[in-house]
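Residues per chain, in single letters:
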Protein chains: 2
Amino acid sequence: MSVNRRRFLGAALGAAIPAGVSGAPAGQPRFKADLFTPALLLDLDVFESNVKRMADHYRQAGIGHRPHAKTHKCPEIARRQVSAGALGVCLATVPEAEAMAAAGIRGLLLTSPIVEPRKIDRVVQLNRLGNEVMLAVGHAREVQLLGEAAATSSTTIDVLIDLDIGDRRTGILPGPPALELARQIGTYRFLRLRGLQAYAGHASHVVGFDHRRKVSREAMARAVETKELLARSGFAAVILSGGSTGTYNIDSDIAGVTELQVGSYIFMDVDYRRIGGQSGAVYTDFQPSLSVLTTVVSTSHADRVTVDAGTKALATDVPHRPEARGRPDLVYSRAGDEFGTLSSTAGPLPALGDRLEFIVPHCDPTVNLYDRIYALRGDRVEDVWPILARKENVKDGSR
Amino acid sequence: MSVNRRRFLGAALGAAIPAGVSGAPAGQPRFKADLFTPALLLDLDVFESNVKRMADHYRQAGIGHRPHAKTHKCPEIARRQVSAGALGVCLATVPEAEAMAAAGIRGLLLTSPIVEPRKIDRVVQLNRLGNEVMLAVGHAREVQLLGEAAATSSTTIDVLIDLDIGDRRTGILPGPPALELARQIGTYRFLRLRGLQAYAGHASHVVGFDHRRKVSREAMARAVETKELLARSGFAAVILSGGSTGTYNIDSDIAGVTELQVGSYIFMDVDYRRIGGQSGAVYTDFQPSLSVLTTVVSTSHADRVTVDAGTKALATDVPHRPEARGRPDLVYSRAGDEFGTLSSTAGPLPALGDRLEFIVPHCDPTVNLYDRIYALRGDRVEDVWPILARKENVKDGSR
């Protein structure tokens, strides 16, 4: 029952301050205390540091990076990544590509196989309108559909061959099958083979730097060999795109790799932190900038309190628990779709109405639960960024 | 490589048929084959049968039902539930209440504790404008904030006391603590105590009907005792609201229970099917009406194929796998945020471009991933229903 009355009053007063005085648009919340919970927060100082650190790394390494926008689905973040030096952004879905193209982002790479003919038409249309949307293709049927659609609209489309280097999920097998696909691509006048995509999803979250390096190098070696096979066979397949936040400084040392598809580094999450860095058990190369703001809404028991963020507010696809900022003693447990409960290994439990921020277990699917990110500078809401292009592949103008 | 050319052509032709000819609004897809994947599908025949069966059950039992709209967040579905005989709908969040009120749905019950003062103001405002939004309160602080806000706007608010009957998540403890809260409510002129809410979340998914009945009856007995205590103490607390799809025909036999908060019965899911019914290992009282439509997008391996629905398209909070309609031999495994892989225990794997529908592991958080439900009559898209009010508690008019 020890509720902090001033805290409640502070929140109420925050809301009463007229908006539009600061940089934030009129009607937007001005302070963190103004936000309703649950809310998705971004610490801008940390985010900007992450973006710069990754860009600096690749500038020094002399290779490119094309961050994966499936992580954020947010044109404003893509814009900042490109401003920092990225070649463009990768996309997992056609609506993501459409949203980024509409926001004026160039250098787009669609990394997922597209086999629905009308979805292929949407990508061809993007290119016809002058957007540069490269596709990764991994099957003769995809090449055929794309080649025919490109020819129908007389639009040249850049493609990468998507290689399966051990992930067993998408892509064609390396070596001769990939060479055969390159030859097929060559038969379509409006398809232009630019290189290879090789994503080793099974390497990105390997715990321990040395082990992770071993797994990633073995996987990427298959891609490099295939790149050489294509070169010997007369194909100018220059690009080799792959990698992840977990292997950003592993794959950049592999000769032949030209650009990296890093994604989570901008936000970080519990899942990535526990893979370990080059010099420690916690991966600290990038710091957590993303969190979910919650409110304690029930305190009926001595051993636990309840917060207003459950599986609809914090994605559950990894086993790790959300971590409360500044309260390492608090242990979060899922309590259904709407709630989580907190116990403590030491120290008093928070009081009813207290607000807590949680570092998220896995950033990508958590961001996918929200429509906007509150970009904070300290406790000030500097901006509110819409999250566009949810998983649904609808095209009706409503999103 | 055995791709069905006609299947692809069929989809392309489907798209070419001018829209607006059938009942569906112009520009909407007319047939299932027109939909991009992944997409959330509702089989209207099954859905309508589920809605009717539940309404008939409570009509015969002589008690009410107020279905939980956190399951669907869809005003059109709420409208149909009320038309079938529901008292109104329950809501888990203030945006859900606002969305349903805006759609003209009456008889709203907000089942979650609301402790943010500005969020309480939003609920008071809804009531001030003539919407009937009852709240469940479980803490003296909630009562105080709500009582003061109601007085400030001279708006009478109906409340239930939220009881914790074993869920250990929200609500006040039964017996004397609840009576004390009733007395406190009585001190606020603009609060009107209408009864109790008692949700036994720990009972809803107990496997085996007899065991489930035992757990639910034990839990609900505490609520009934508290209701009697309040009556003896002079409080006219008439309502006792609780229950779930898993206990719909258990709790309706308990004297004192006046209305049930059933939710998942409209859609059903794998999680509920495995709890078992009154006469079998599979809970068949209601049939699965909800599914996710997917496309096979990669077939590079003999032992598996990949579909375009991963953790962003099928919620992962329960351990059960999505089940492919008509293909019980297919075993779905998660393969990241964008993909799932399928193996088969018998029979050939689907081909590239094939489309498959999956019954979802857990309906509520899966619906929360989508912006619209395609309501199908057979293979025809009869309507497209927006899913409103995501978890975010924003109020900026954008949703």
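Keep in mind that this is a model prediction, so the values were computed, not measured.

What follows deals with the overall build of chain A. For chain A, the helix and strand inventory stands at 12 helices and 17 strands. Here chain A has a C-alpha radius of gyration of 23 Å; the compact-globule value for 399 residues is 21 Å, and the two agree. With the principal axes as the frame, chain A shows a C-alpha extent of 75 × 45 × 40 Å. Burial status across chain A gives 63% buried among its 399 residues. When contacts within chain A are restricted to residue pairs at least 6 apart in sequence, those whose partners lie at least 24 apart make up 67%. Carbon and sulfur atoms make up 52% of the accessible area of chain A, which amounts to about 14,000 Å² in all. When the 48 basic and 44 acidic side-chain charges of chain A are each reduced to a single mean position, those positions are 1 Å apart.

A few words on the interface of chain B and chain A. At the interface, 83 residues of chain B touch 83 residues of chain A. Carbon and sulfur atoms make up 51% of the area that chain B and chain A hide from each other, which totals about 7,000 Å². Three residues, Phe36, Arg118 and Arg168 of chain B, lead the burial of chain B against chain A; their summed loss comes to 12% of the area buried on that side. Connecting chain B to chain A are four salt bridges. Close ionic contact of aspartate 303 of chain A with arginine 168 of chain B constitutes a salt bridge, the shortest N to O distance being 2.5 Å. Summed over the shared surface of chain B and chain A, the number is 29 residue pairs in polar contact (both at pLDDT 80 or more). Of all the elements in the fold, those that place two or more residues in the side of chain B that touches chain A are α1 (5–16), α5 (117–128), α6 (140–152), β10 (290–301), β11 (304–307), α12 (363–367) and β16 (372–377) of chain B. A total of seven residues in the side of chain B that touches chain A trace back to one element, the largest contributor, which is β10 of chain B. Class assignment for the residues of the side of chain B that touches chain A results in 29 nonpolar, 23 polar and 31 charged.

This brings us to the relation of the copies chain B and chain A. Of the transformation placing chain B onto chain A, the axial shift is 0.0 Å and the rotation is 180°, giving an RMSD of 0.0 Å. Expressed as an axis order, the relation between the two copies is that of a two-fold axis.

Within a regular strand, side chains alternate between the sheet's two faces. All names here are of chain A. Pairing analysis gives five bridges linking strand β13 (residues 330–334) to strand β14 (residues 340–344), with the strands arranged antiparallel. Residue pairing for β14: serine 333 is matched across the bridge by threonine 341. Where β13 hands over to β14, the hairpin turn is made up of five residues, of which glycine 336 adopts a positive phi near 95°.

Quick look at helix α2 (residues 44–61) of chain B now. All names here are of chain B. With 18 residues, α2 extends 26 Å between its outermost C-alpha atoms, agreeing within 8% with the 26 Å of an ideal straight helix rising 1.5 Å per residue. The complete set of buried residues in α2 reads Leu44, Phe47, Asn50, Val51, Met54, Ala55 and Tyr58. Looking down the long axis of α2, one finds its buried residues gathered within 135° of arc, a one-sided arrangement. Facing away from the buried side of α2 by more than 90 degrees, the exposed set consists of Lys52, Arg59 and Gln60. Glycine 62 lies just past α2 and shows a positive phi near 75°.

This part takes up the side chain of glutamate 259 of chain B. Locating glutamate 259 of chain B in the fold gives a position in strand β9 (residues 259–260). Look past the residues within four positions of glutamate 259 of chain B in its chain and what remains in contact with it is Gly64, His65, Arg66, Leu87, Leu109, Ile239, Leu240, Ser241 and Gly242 of chain B.

Residues and elements named next belong to chain B. Here eight strands make up an open sheet; going across it, the order is β2-β9-β8-β7-β6-β5-β4-β3 and the pairing parallel. Across the chains shown, the open sheet's two edge strands, defined by having one partner strand only, are β2 (64–65) and β3 (89–91). In this structure, strand β8 (residues 239–242) lies alongside β9, joined through two bridges in parallel fashion. Residue pairing for β9: glycine 242 is matched across the bridge by leucine 260. Its contacts with the sheet put helix α7 (residues 176–186) on β5 (133–137), β6 (157–163) and β7 (191–198), and the angle it makes with β6 is roughly 165°.

Our next topic: the sheet that holds strand β3 (residues 89–91) of chain A. Residues and elements named next belong to chain A. As summarised here, the arrangement of the eight strands in space is β2-β9-β8-β7-β6-β5-β4-β3, forming an open sheet in which the pairing is parallel. This sheet does not close on itself; its edge strands, each paired only once, are β2 (64–65) and β3. Bridge analysis of strand β5 (residues 133–137) against strand β6 (residues 157–163) gives three bridges, and the strand direction is parallel. From the neighbouring strand, leucine 135 faces β6, where its bridge partner is valine 159. Its contacts with the sheet put helix α9 (residues 209–232) on β6, β7 (191–198) and β8 (239–242), and the angle it makes with β7 is roughly 155°.

Turning to the pattern of salt bridges, a few remarks are in order. Residues and elements named next belong to chain A. Scanning all chains against the criterion turns up 54 salt bridges over all chains. For the salt bridge of glutamate 48 with arginine 80, the shortest nitrogen-to-oxygen distance reads 3.5 Å. Highlighted residues: glutamate 48 in helix α2 (residues 44–61) and arginine 80 in helix α3 (residues 75–83), separated in sequence by 32 residues. Judged by its relative accessible area of 30%, glutamate 48 falls in the partly exposed class.

Turning our attention to unusual backbone geometry. Residue and element names in this part refer to chain A. Note the cis peptide between threonine 37 and proline 38, where omega equals -5°. Topologically, proline 38 is positioned in the loop between α1 (5–16) and β1 (39–43). Of note, lysine 73 is a non-glycine position whose phi angle comes to about 55°, a positive value. Within the secondary structure, lysine 73 sits in the loop between β2 and α3. Take lysine 73: its relative accessible area is 2%, and that puts it in the buried class.

Turning to the packing of α6 of chain B against α7 of chain B, a few remarks are in order. Residues and elements named next belong to chain B. Close contact between α6 and α7 brings their axes to 10 Å; oriented N to C, the two are set at 15°. By the angle between their directions, the pair α6 and α7 is classed as roughly parallel. Pair α6 / α7 crosses with right-handed handedness. Listed contacts from α7 to Ala140, Val143 and Gln144 of α6 are Leu181, Gln184 and Ile185. Counted by class, the contact of α6 with α7 contains four nonpolar, two polar and no charged residues.

This paragraph deals with the packing of aromatic side chains. Given two aromatic rings, their pairing is described by the distance between the two centres and the angle made by the two planes. For the coordinates displayed, the defined rule picks out 12 aromatic pairs over all chains. An angle of 45° between the planes, with centres 6.4 Å apart, marks the rings of tyrosine 283 of chain A and phenylalanine 286 of chain A as tilted. Neither residue differs from the other here; tyrosine 283 of chain A and phenylalanine 286 of chain A are each classed as buried. Among the aromatic residues, those joined into a cluster by ring pairs are Tyr248, Tyr265, Tyr272, Tyr283 and Phe286 of chain A. Between the NZ or CZ atom of arginine 118 of chain A and the centre of the ring of phenylalanine 36 of chain B, over which it lies, the distance is 4.5 Å. Seen from the ring of phenylalanine 36 of chain B, arginine 122 of chain A lies directly overhead, with NZ or CZ sitting 4.3 Å from the centre.

All names here are of chain B. Along helix α4 (residues 94–102), eight of the nine residues are buried, which leaves the element largely enclosed by surrounding structure. Contacts made by the buried residues of α4 are with α3 (75–83), β3, β4 (108–110), α5 and β5. Two residues or fewer after α4 comes glycine 104, characterised by a positive phi angle close to 85°.

Residues and elements named next belong to chain A. For chain A, mean pLDDT is 91; residues scoring 70 or higher make up 90% of the total. For the stretch residues 1–24, pLDDT sits under 50, and the model shows 42 contacts to residues farther than four places along the chain or on other chains. Low confidence marks residues 393–399, where pLDDT is under 50. Its contacts with residues over four positions away, or in another chain, come to 23 contacts. Both scores are given for the predicted complex: the pTM is 0.92, the ipTM 0.91.

So, how was this worked out
- Residues numbered from 1 in each chain as written.
- Chains lettered and ligands numbered in written order.
- Predicted model: local features only at pLDDT ≥ 70, side-chain atom pairs only at ≥ 80, totals over all residues.
- Heavy atoms only, no water.
- Helix = DSSP H or I, 4+ residues; strand = E, 2+ residues; numbered from the N terminus.
- Rg over C-alpha atoms; globule rule 2.2 N^0.38 Å.
- Buried < 20%, exposed > 50% of the residue type's maximum accessible area, 1.4 Å probe, protein only.
- Contact = heavy atoms within 4.5 Å.
- Areas by Shrake-Rupley, 256 points an atom, 1.4 Å probe, with all protein chains shown as cover.
- Lys, Arg positive; Asp, Glu negative; His and termini not counted.
- Charge placed at Lys NZ, Arg CZ, Asp CG, Glu CD.
- Buried area = accessible area lost by both parts, 1.4 Å probe.
- Salt bridge = Lys/Arg side-chain N within 4 Å of Asp/Glu carboxyl O.
- Polar contact = N/O pair within 3.5 Å; in protein donor to acceptor, adjacent residues only side chain to side chain.
- Nonpolar A, V, L, I, M, F, W, Y, C, P; charged D, E, K, R; others polar.
- Least-squares fit on C-alpha atoms with pLDDT ≥ 70 in both.
- Pairing = 2+ DSSP bridges.
- Expected span 1.5 Å × (residues − 1).
- Arc of directions from axis to C-beta.
- Axes fitted to C-alpha atoms, helices over the stretch in contact; angles between N-to-C directions.
- Parallel < 35°, antiparallel > 145°, perpendicular 65-115°, else oblique.
- Left-handed = near helix turned anticlockwise from the far one by under 90°.
- Phe/Tyr/Trp six-rings, centres within 6.5 Å; stacked < 30°, edge-to-face > 60°.
- Lys NZ or Arg CZ within 6 Å of the ring centre and 35° of its normal.
- pLDDT = per-residue confidence, 0-100.

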